[in-house]
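Residue-level listing of the chains:
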Amino acid sequence: MDDAPAPAGAGRTRRAGRIGLLVLLLVGLAATLRTPAAPAPADAPPTAFSAVRATTHVEAVAARPRTPGSAGHAATREYLVRTLDDLGWSVRVDDGVGWSATAMQGTQRGGRVANVVATLPGTDPTGTVVLAAHYDTVAGSPGAGDDGIGIATVLEAARALTAGPRPRNDVTVLVTDGEERGLLGAEEYTRRQPADARPTVVLNHEARGNGGIPVTFRISSPNAGLVGVLSGVPGTTADSFTQTAFELLPNDTDFRRLTEAGMHAADTAIAGGGAYYHSPLDTPDRLDTASLQRMGETTLAAAQRFSSADLAELGSGGDDVVVTLPWGPVHYPRPLEIALTALLAAVTGALAARRIRDGAASAGCLAASGGISIAVAAAAAGAAFVPWWLALRIAPGQASAVLREPYLPVPYQVAAAAAAVAVLLAAYPPVRRRVGPAAFATGALLAVTVTALAALPFLGVATVLVLPALPAAIAALVVDLLPTDRRGWRTPVTLAGTVPAVVVLVPAAVASFDAGLLTGAPLAGGVRRGAVRAGAAARRRRRRAVAAAARRDRRRGGRARGRGGRRLGQPRRRHPAAAGTTALRAERGHRCRRVGVAARPPPRPGAAPC
């Protein structure tokens with residue numbers, strides 16, 4: 001047996017690898033550390049936003065649910081009018097009927113709404129800056145988060161703007177009604193606007209929980225002008241990827257109706273604490289004041305910038321891609337995203353070609369490695385949901401009623417991260433032995449590159465993949481090109497290429513927990529609802545077709561036939577055991593119809609109709 005010691009170079013390589021891993025862990029930790037905004041006290045300067053002052057508005061409007069037509073709804077409207085009138089703004093209540101944008105099942109949904117609109121005239125206006133929220137709630141929810149945080153933000157921001165110099169542009173506070181019923185108030189507001197209205201910028205405020213980082217998750221197109229201003233506001237968190245992801249969900253906000261009317265708009269919301277969303281527990285004492293402070297500070301700063309800008313120039317640019325890094329938002333033109341994706345494809349292709357030429361891996365091995373990397377990533381993502389899934393099997397009552405989220409999410413978030421990391425650590429050694437580390441890394445880069453190319457039609461999606469993958473691909477190619485006497489540089493170069501990936505991906509993974517442990521649930525719910533509606537529509541089409549055939553047959557003197565060749569009205573052939581049975585099926589509209597072969601017995605005297 002050979003007991004010769006390992007070469008000194010191998011020991012140095014392992015030592016450098018451990019140091020590099022430690023550096024990456026420290027970088028990832030530093031990238032995720034964010035100091036929450038401390039709530040400004042009630043005696044803060046008049047021109048500053050104070051979460052303590054804003055909380056009084058939350059307590060006033062979220063004392064009880066604000067469903068349209070209720071006493072709480074009317075009291076909140078009166079509170080809004082009184083508060084804005086005390087600030088010296090020109091206040092009005094726009095009563096009208098708002099309509100949903102799409103007609104379903106041959107009907108159009110509408111409702112009576114009363115929007116609260118207040119305006120502070122500008123000194124030399126080029127347009128209007130609108131601070132928007134909604135004051136109605138779903139039944140049973142006090143709505144401290146949805147949308148008490150929006151109401152408090154716009155009221156406190158309006159007070160701070162009043163205390164400062166008069167702005168150049170008009171500033172309007174719009175608190176809509178009927179948002180939860182189908183964006184009815186926003187639709188009614190847009191119909192009142194003149195066709196030749198000056199440019200309008202809307203800062204809309206929403207909530208899908210009671211805490212977390214406020215994220216500007218949607219920006220109207222073209223967005224270059226808006227992004228240019230918002231990216232300069234301290235505390236702004238914006239991401240083009242979230243806009244594409246949100247479009248897949250069945251949720252919507254007033255942003256939709258306002259942008260359809262040609263207004264520039266930015267949609268900002270909090271999503272942490274989703275268990276309290278649309279529930280009786282969405283109360284003022286559970287609202288995170290740090291989230292309120294951050295939302296208010298960014299809204300006030302953005303309103304001040306837009307109110308002093310030439311709003312006529314906002315629509316002159318194209319679309320920018322925006323992504324938030326630990327030091328703030330970064331934005332660049334859409335063509336640069338395409339160019340960076342092409343560069344990633346070129347670098348990854350050169351890396352793969354070089355490794356195939358050098359015999360480090362075959363084309364089949366790289367293709368298999370790409371498939372394995374996708375499978376491992378999917379397994380890790382699936383494992384992240386297992387702890388919460390198991391917890392629900394054991395104690396279903398710990399999940400919220402609306403979003404099925406935990407009220408104490410941190411333990412499950414830690415468990416989800418641990419499960420995903422465990423799958424990655426368990427999968428890497430056998431994969432490394434099977435295909436080798438170089439082939440596996442190259443195959444993974446190829447899989448990411450193909451996915452980024454496929455995602456190019458969607459604004460910002462490719463950027464999420466390109467920003468971490470491009471530096472890693474360049475570093476891998478540089479390592480391959482290093483001469484033999486420079487092999488000591490392999491670890492530093494690899495580390496330098498991996499740090500950007502850690503800086504981008506780790507904070508994004510942590511921030512994604514604000515969206516909830518079951519982010520796919522709203523999408524699944526939308527699919528289920530769509531399937532139910534599609535099935536109901538198919539049944540209606542079949543009934544209409546049979547009725548039309550019956551009318552045609554009657555005109556011809558015959559009888560129409562249904563499924564199985566039987567005449568309409570002829571009883572279906574049933575199994576003898578089913579003879580004499582009667583079933584009632586309830587349908588929408590509280591109608592009932594009888595199916596079966598036996599005659600229905602007459603109702604008892606005084607019995608209620610079906």
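Every value quoted in this text rests on a predicted model; they were computed, and no experiment measured them.

Rules of the game
Residues numbered from 1 in each chain as written. Predicted model: local features only at pLDDT ≥ 70, side-chain atom pairs only at ≥ 80, totals over all residues. Heavy atoms only, no water. Helix = DSSP H or I, 4+ residues; strand = E, 2+ residues; numbered from the N terminus. Buried < 20%, exposed > 50% of the residue type's maximum accessible area, 1.4 Å probe, protein only. Contact = heavy atoms within 4.5 Å. Areas by Shrake-Rupley, 256 points an atom, 1.4 Å probe, with all protein chains shown as cover. pLDDT = per-residue confidence, 0-100. Patch = residues over 30% accessible without salt bridge, like charges linked within 9 Å, V, L, I, M, F, W, Y side chains within 5 Å. Salt bridge = Lys/Arg side-chain N within 4 Å of Asp/Glu carboxyl O. Pairing = 2+ DSSP bridges. Axes fitted to C-alpha atoms, helices over the stretch in contact; angles between N-to-C directions. 1 Å grid on protein atoms, 1.4 Å probe; cavity = no way out; pocket = protein on both sides within 12 Å on 5 of 7 lines; lining within 4 Å. Points joined across faces, edges and corners; volume = space filled by probe spheres on them. Nonpolar A, V, L, I, M, F, W, Y, C, P; charged D, E, K, R; others polar. Phe/Tyr/Trp six-rings, centres within 6.5 Å; stacked < 30°, edge-to-face > 60°. Core = buried A, V, L, I, M, F, W, Y, C linked by side-chain atoms within 4.5 Å. Expected span 1.5 Å × (residues − 1). Bend = angle between axes of the 7 residues up to and from the residue. Left-handed = near helix turned anticlockwise from the far one by under 90°. Polar contact = N/O pair within 3.5 Å; in protein donor to acceptor, adjacent residues only side chain to side chain.

**What to know about the overall build of the chain**
No. 1: Scanning the chain for helices and strands turns up 16 helices and 11 strands.
No. 2: Of all 610 residues assigned to the chain, the portion counted as buried reaches 41%.
No. 3: If you take every contact in the chain between residues at least 6 apart in sequence, the share linking residues at least 24 apart comes to 76%.
No. 4: In the form shown here, the chain has an accessible surface area of approximately 30,900 Å², with 61% of it arising from carbon and sulfur atoms.

**Overview of the confidence of the model for the chain**
No. 1: On average, residues of the chain score 82 in pLDDT, and 78% of them are at 70 or above.
No. 2: Here residues 520–542 is modelled with pLDDT under 50, and outside its nearest four sequence neighbours on either side it reaches 12 contacts, counting other chains as well.

**As for a nonpolar patch on the surface**
No. 1: A contiguous nonpolar patch, built from Val 386, Trp 389 and Leu 390 and spanning about 290 Å² of accessible area, is present on the exposed surface.
No. 2: By the element assignment, Leu 390 lies in helix H11 (residues 363–394).
No. 3: The exposure class of Leu 390 is partly exposed, given its relative accessible area of 40%.

**Section: the sheet that holds strand E2 (residues 110–120)**
No. 1: Sheet architecture is open: seven strands sit in the order E1-E2-E4-E3-E5-E7-E6, paired in mixed fashion. With partners counted over all chains shown, the strands left at the sheet margins are strand E1 (90–99) and strand E6 (215–219), one partner each. Between one strand and the next, the sheet's axes are offset by a mean angle of 25 degrees, whatever the strand orientation.
No. 2: In this structure, strand E3 (residues 128–134) lies alongside strand E4 (residues 170–176), joined through seven bridges in parallel fashion. What sits directly across from Val 130, in E4, is Thr 172.
No. 3: Packed onto the sheet, helix H3 (residues 71–86) meets E1, E2 and E4 and runs at close to 15 degrees relative to E2.
No. 4: Sitting on the sheet, helix H9 (residues 289–307) is in contact with E3, E4, strand E5 (200–207) and strand E7 (264–270), with an inclination near 175 degrees to E5.

**Some thoughts on empty space enclosed by the protein**
No. 1: Per the counting criterion, the structure on display carries two cavities of 30 Å³ or more.
No. 2: Empty space within the largest cavity amounts to approximately 170 Å³.
No. 3: Thr 216, Leu 230, Thr 268, Thr 298 and Thr 299 are, among the 16 residues lining the largest cavity, the residues nearest its centre.
No. 4: When residues of the lining of the largest cavity are traced back to their parent elements, those giving at least two are E5, E7 and H9.
No. 5: Examining the composition of the lining of the largest cavity, we find that four residues originate from one element, H9, more than from any other.
No. 6: Looking at the lining of the largest cavity residue by residue, the class counts come to six nonpolar, nine polar and one charged.

**A closer look at the packing of aromatic side chains**
No. 1: This model, assessed by the stated rule, comprises four aromatic pairs.
No. 2: With a centroid separation of 5.3 Å and 70 degrees between ring planes, the pair formed by Tyr 276 and Tyr 407 is classed as edge-to-face. Residue Tyr 276 is found in the loop between E7 and H9, and its partner Tyr 407 is found in the loop between H11 and helix H12 (410–435); the two are separated by 131 residues along the sequence.
No. 3: Classification of Tyr 276 as buried rests on a relative accessible area of 16%.

**Describing unusual backbone geometry**
No. 1: Residue Asp 147 is reached from Asp 146 by a cis peptide bond, and omega for that bond is 5 degrees.
No. 2: Within the secondary structure, Asp 147 is located in helix H4 (residues 144–163).
No. 3: Geometrically, the link from Ser 221 to Pro 222 is a cis peptide bond, its omega value of -5 degrees lying close to zero.
No. 4: Of note, Pro 222 is situated in the loop between E6 and helix H6 (224–230).
No. 5: Even without a glycine there, the phi angle at Leu 183 is positive, about 60 degrees.
No. 6: Tracing the backbone shows Leu 183 in the loop between E4 and helix H5 (184–192).
No. 7: Leu 183 gets classed as buried once you look at its relative accessible area, which sits at 6%.

**With respect to the nonpolar core**
No. 1: Within the largest apolar cluster, 54 residues are counted, with the highest numbers of intra-cluster contacts made by Leu 131, Ile 151, Val 173, Leu 203 and Phe 306.
No. 2: For this core, the leading source of residues is H4, giving 10 residues.
No. 3: Leave out the neighbours within four places in its chain, and Ile 151 touches Val 61, Arg 66, Leu 80, Ala 133, His 134, Tyr 135 and Val 175.
No. 4: Counting 13 residues, the second-largest nonpolar core is a separate cluster that includes Leu 344, Leu 351, Val 466 and Ala 469.

**A word on helix H10 (residues 334–357)**
An α-helical turn contains 3.6 residues, so any two residues separated by three or four positions project in the same direction.
No. 1: With 24 residues, H10 ought to run about 34 Å at 1.5 Å a step, and its terminal C-alpha atoms sit 35 Å apart, in line with that.
No. 2: Taken residue by residue, H10 has Arg 334, Glu 337, Thr 341, Leu 344, Val 347, Thr 348, Leu 351, Ala 352 and Arg 355 as its buried positions.
No. 3: Here the buried face of H10 lies against strand E8 (320–325), strand E9 (328–333), H11, helix H13 (437–454) and helix H14 (461–481).

**Side note on H12**
No. 1: Compared with an ideal rise of 1.5 Å per residue, which puts 26 residues at 38 Å, H12 spans 37 Å between its outermost C-alpha atoms and is within 8% of the ideal.
No. 2: Where H12 bends most, at Tyr 428, the angle is about 30 degrees, and the proline Pro 429 comes one to four residues later.
No. 3: Restricting attention to buried positions, one finds in H12 the residues Tyr 412, Gln 413, Ala 416, Ala 419, Ala 420, Ala 427, Val 431 and Val 435.
No. 4: Those residues of H12 that are buried are in contact with H11 and H13.
No. 5: A positive phi of about 90 degrees marks Gly 436, the residue just after H12.

**Some remarks on the packing of H13 against H14**
The description of two helices packed together rests on the angle between their axes and the distance between the axes.
No. 1: Taken N-terminus to C-terminus, the directions of H13 and H14 make an angle of 145 degrees; their axes are 9 Å apart at the nearest point. Regarding H13 and H14, the two cross each other, and that crossing is left-handed. The residues of H14 that touch H13, namely those facing Leu 445, Val 448, Thr 451 and Ala 452, are Ala 462, Leu 465, Val 466, Ala 469 and Ala 473.
No. 2: When the residues that make up the contact of H13 with H14 are grouped by side-chain class, the tally is eight nonpolar, one polar and no charged.

**Side note on the side chain of Thr 200**
No. 1: Tracing the backbone through its elements, the reader meets Thr 200 in strand E5.
No. 2: At a separation of 3.3 Å, a polar atom in the side chain of Thr 200 contacts the main-chain carbonyl oxygen of Arg 198.
No. 3: Other than its neighbours up to four places away in sequence, Thr 200 contacts Thr 128, Val 130, Met 263 and His 264.

**Section: the environment of Ser 220**
No. 1: Topologically, Ser 220 is positioned in the loop between E6 and H6.
No. 2: For the pair Ser 220 and His 264, spaced 44 residues apart in the sequence, the C-alpha separation amounts to 5.7 Å.
No. 3: Once residues within four sequence positions are removed from consideration, Ser 220 is found in contact with Leu 226, Phe 255, Thr 259, Met 263, His 264 and Ala 265.

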